[in-house]
Amino acid sequence: MSVRRRELAAWAHGAVFALACCGCISRKSGDDSASDPRCLLSPPDGFTPVTEPELRLDVATALWDGDLVVQSAGSGVAWDGQGAARSELYLNRGMSYGIVGSMTCATPAELTLVQRLESGRSTDLASWTCAPGVPLEMEQDVIISENGNRFTLELDQPMSGAGAVELQITGQQWADMADVVGAAPVLLGFLMHIEEAPELVTDADNWRRRASVVEALSRTLAAHGAALTLQPGQTFVEGAAVWDPSWFSARAAGGMSWSVHVHNESDGAEALEKAVRTARHDFSDAGLDVRDLNGGFSLGIWNRMAAAGIQSVTAFKNPDTQLDLAVPRVQPWRPAEGSGASDEAAFALHDPDGPVVYLPGSGVREADHTRFGAYAERHLAQVRAHAVAGFVNTWYFMEHVDGFGPEVSDPDFDAYLEAGLAVDMAEIDAALATVVDPLVSSGQVQYGTPDTMRAAYAAWETDCAVR
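Quick caveat: nothing in here was measured; it's all calculated off a predicted structure.

Structural notes on the overall build of the protein
1) Next: Along the backbone of the protein there are 11 helices and 18 strands.
2) Next: For the protein, whose C-alpha radius of gyration is 24 Å, the value lies close to the compact-globule estimate of 23 Å for 467 residues.
3) Next: Across its three principal directions, the C-alpha atoms of the protein cover 85 × 50 × 40 Å.
4) Next: Across the 467 residues that make up the protein, the buried fraction comes to 54%.
5) Next: Nonlocal contacts in the protein, meaning residues at least 24 apart in sequence, comprise 77% of its contacts between residues at least 6 apart.
6) Next: A total of about 19100 Å² of accessible surface is found on the protein, and carbon and sulfur atoms cover 52% of it.

What follows is the structure in structure tokens.
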């Protein structure tokens, strides 16, 4: 075993062995633990999630606003007049959705699915124009590839007239599994992303608004014994030094943890390594030693990431699809140097000499907070079904700071902080109370962070003799 591995294992062993290696045969027992099926060189294979269609919008039950009065009619809606109406919904980035419906009109009318991008722009993902007296059949698939989870279905009736529409939007979602009892505990974390934004360093309101969202989610999780792991771009860390130098230390005292978060892989290996070193230095200036990384998947320069001080990596994302690993896993492993998003199968192969540990979990998120409880229940059921005794088992859910409230530069954001943020937090609180906390009470789930997950894996490496 290398000096680096021995030092890391010694640091982690005492605190987390009981958690990480339930039922493992220790070297100290005198047995050959490498021959035990619970202590194999490579973690178990990934799994294919069981999925089912999920209804994201049905015009018949959707809420509509605008100057055109839209009313339920049969399995759809109908109108008679002039004007526009819209209905809001959330769809998830990287996912494919099917749109099926029909439309009739007495005078020309248009129906459009609009995506509100995080940049403040909007784009039409699908649009249909109804001609008088000609029934319009709609069937289309859309893939959400750009940042922005807020959508509106917009109906425009430019001339007075009557019409009707039936339409549903569905997407595949992980299915629930009844009566699952996991074979081992799952370490469960919660991650939140903040992207690079120069205004975070120059605009105090911009920084403080995002910080307020982070603080609210951290408090909500802490009330259940969980901790938030913030994965901020460098500009948020720099902004803290300008606007609230004690912010990071105060959050650390409350149990929050951190990851480096980078996206500059297109600039090459040297630029990526520099960005990671700079981010770790900025964290260090705030009194934090940050060892987890979100990013680097396009280049896979894990040796250089380790040389920069990184020990674990989280939240895989394929830049082409914006999706997580196609074959999810629950047990951590060490990816080989050079492996990454260009070959997911190669990335998922365990290399005992790999310099960093990949901690598996969900690299995508559910943007609709009202759906988080069901989302968490379905995912945790399948994750627990694939937990394996004798291994470390990890999972996490993802959030994004811009998934709360209007666009952060919108003057209405402060009003959202006054009232709307509490509503969103209540949804997350309810999901934790009804879905996750009972699993914690039964011992099937244990709250964790990338730091505790990494420590658990280091202890497992030592005591299960994976080398």
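Regarding the environment of R280
1) Next: Here R280 lies in helix α6 (residues 269–285).
2) Next: Take R280: its relative accessible area is 16%, and that puts it in the buried class.
3) Next: Between the C-alpha atoms of R280 and L228, which are 52 residues apart in sequence, the distance is 19 Å.
4) Next: Other than its neighbours up to four places away in sequence, R280 contacts V260, D289, V290, R291, A308, G309 and I310.
5) Next: Polar contacts involving the side chain of R280 include one to the main-chain carbonyl oxygen of V290, which spans 2.7 Å.

Regarding the state of the cysteines
1) Next: Applying the stated rule across the entire model yields one disulfide.
2) Next: At a sulfur-sulfur separation of 2.2 Å, the disulfide partner of C105 is C130. Looking along the S-S bond of the C105-C130 disulfide, the torsion reads about -110°, which is the left-handed sense. Here C105 is found in strand β5 (residues 96–105), whereas its partner C130 is found in strand β7 (residues 122–130), with 25 residues between them in sequence.

Overview of the pattern of salt bridges
1) Next: Enumeration over the complete set of coordinates arrives at 17 salt bridges.
2) Next: For the salt bridge of E54 with R56, the shortest nitrogen-to-oxygen distance reads 3.1 Å.
3) Next: The exposure class assigned to E54 is buried, which follows from its relative accessible area of 12%.
4) Next: Judged by its relative accessible area of 6%, R56 falls in the buried class.
5) Next: Note that D368 and R371 form a salt bridge whose closest N and O atoms lie 3.2 Å from each other.
6) Next: In this structure D368 comes out as buried when scored by relative accessible area, which is 12%.
7) Next: When salt bridges that share partners are traced, they join E54, R56, E366, D368, R371 and R378 into one network.

Topic: the packing of helix α4 (residues 234–243) against α6
1) Next: At their nearest, the axes of α4 and α6 sit 10 Å apart, and the two run at 25° to each other. Classified by the interaxial angle, the pair formed by α4 and α6 is roughly parallel. Viewed along their axes, α4 and α6 form a crossing whose handedness is left-handed. Here Q234, V237 and E238 of α4 come into contact with α6, specifically with T278, D282 and F283.
2) Next: Of the residues belonging to the contact of α4 with α6, the class tally is two nonpolar, two polar and two charged.

Remarks on the confidence of the model for the protein
1) Next: Of all residues in the protein, 91% have pLDDT values of 70 or greater, and the mean over the chain is 90.
2) Next: This stretch, residues 1–35, has a pLDDT under 50; its non-local contacts, to residues over four places away or in other chains, come to 68 contacts.

Some points on a negative patch on the surface
1) Next: Together, E199, D203, D205 and E407 line one region of the surface with negative charge.
2) Next: Examined against the element boundaries, D205 turns out to sit in helix α3 (residues 204–222).

Focus: the pairing of strand β11 (residues 228–232)
1) Next: By the criterion of burial, β11 is predominantly enclosed, with five of the five residues buried.
2) Next: Residues L228, L230 and P232 line one face of β11 and the alternating positions T229 and Q231 line the opposite face, and both faces are buried.
3) Next: Relative to β11, strand β10 (residues 186–194) runs parallel, the two sharing five bridges. By the bridge assignment for β11, F190 is matched with L228.
4) Next: As judged from the two bridges shared by β11 and strand β12 (residues 257–258), these two strands associate in the parallel manner. Residue T229 lies in a different strand from β12, and its bridge partner there is S257.

Here we look at the layout of surface pockets
1) Next: Reported here for the largest pocket is a volume of approximately 1100 Å³.
2) Next: If you trace the largest pocket, you find 48 residues lining it, with E88, Y90, R150, F151 and G405 closest to the centre.
3) Next: Looking at the lining of the largest pocket, the elements with two or more residues in it are β1 (51–58), β4 (76–90), β9 (150–174) and α10 (413–441).
4) Next: Looking at the lining of the largest pocket element by element, the count peaks at five residues for β4.
5) Next: Its residues placed into classes, the lining of the largest pocket shows 17 nonpolar, 10 polar and 21 charged.

Some words on α10
1) Next: For α10, built from 29 residues, the straight-helix expectation of 42 Å at 1.5 Å per residue is missed by more than 12%, its first-to-last C-alpha distance being only 37 Å.
2) Next: Taking the largest bend as the criterion, α10 deviates by roughly 50°, centred on A419.
3) Next: Along α10, the residues classified as buried are F413, Y416, L421, D424, M425, I428, A431, L432, V435, V436, D437 and L439.
4) Next: Buried-residue contacts for α10 involve β10, α3, α9 (372–385), β17 (394–400) and β18 (445–447).
5) Next: Count one or two residues on from α10 and you reach G443, which has phi positive near 85°.

A short note on the side chain of R209
1) Next: Secondary-structure assignment places R209 in helix α3.
2) Next: R209 sits in the buried class, given a relative accessible area of 10%.
3) Next: In terms of polar contacts, R209 uses its side chain to reach the side chain of D414, at 3.0 Å.

Conventions we followed
Residues numbered from 1 in each chain as written. Predicted model: local features only at pLDDT ≥ 70, side-chain atom pairs only at ≥ 80, totals over all residues. Heavy atoms only, no water. Helix = DSSP H or I, 4+ residues; strand = E, 2+ residues; numbered from the N terminus. Rg over C-alpha atoms; globule rule 2.2 N^0.38 Å. Buried < 20%, exposed > 50% of the residue type's maximum accessible area, 1.4 Å probe, protein only. Contact = heavy atoms within 4.5 Å. Areas by Shrake-Rupley, 256 points an atom, 1.4 Å probe, with all protein chains shown as cover. Polar contact = N/O pair within 3.5 Å; in protein donor to acceptor, adjacent residues only side chain to side chain. Disulfide = S-S within 2.5 Å. Salt bridge = Lys/Arg side-chain N within 4 Å of Asp/Glu carboxyl O. Axes fitted to C-alpha atoms, helices over the stretch in contact; angles between N-to-C directions. Parallel < 35°, antiparallel > 145°, perpendicular 65-115°, else oblique. Left-handed = near helix turned anticlockwise from the far one by under 90°. Nonpolar A, V, L, I, M, F, W, Y, C, P; charged D, E, K, R; others polar. pLDDT = per-residue confidence, 0-100. Patch = residues over 30% accessible without salt bridge, like charges linked within 9 Å, V, L, I, M, F, W, Y side chains within 5 Å. Lys, Arg positive; Asp, Glu negative; His and termini not counted. Charge placed at Lys NZ, Arg CZ, Asp CG, Glu CD. Pairing = 2+ DSSP bridges. 1 Å grid on protein atoms, 1.4 Å probe; cavity = no way out; pocket = protein on both sides within 12 Å on 5 of 7 lines; lining within 4 Å. Points joined across faces, edges and corners; volume = space filled by probe spheres on them. Expected span 1.5 Å × (residues − 1). Bend = angle between axes of the 7 residues up to and from the residue.

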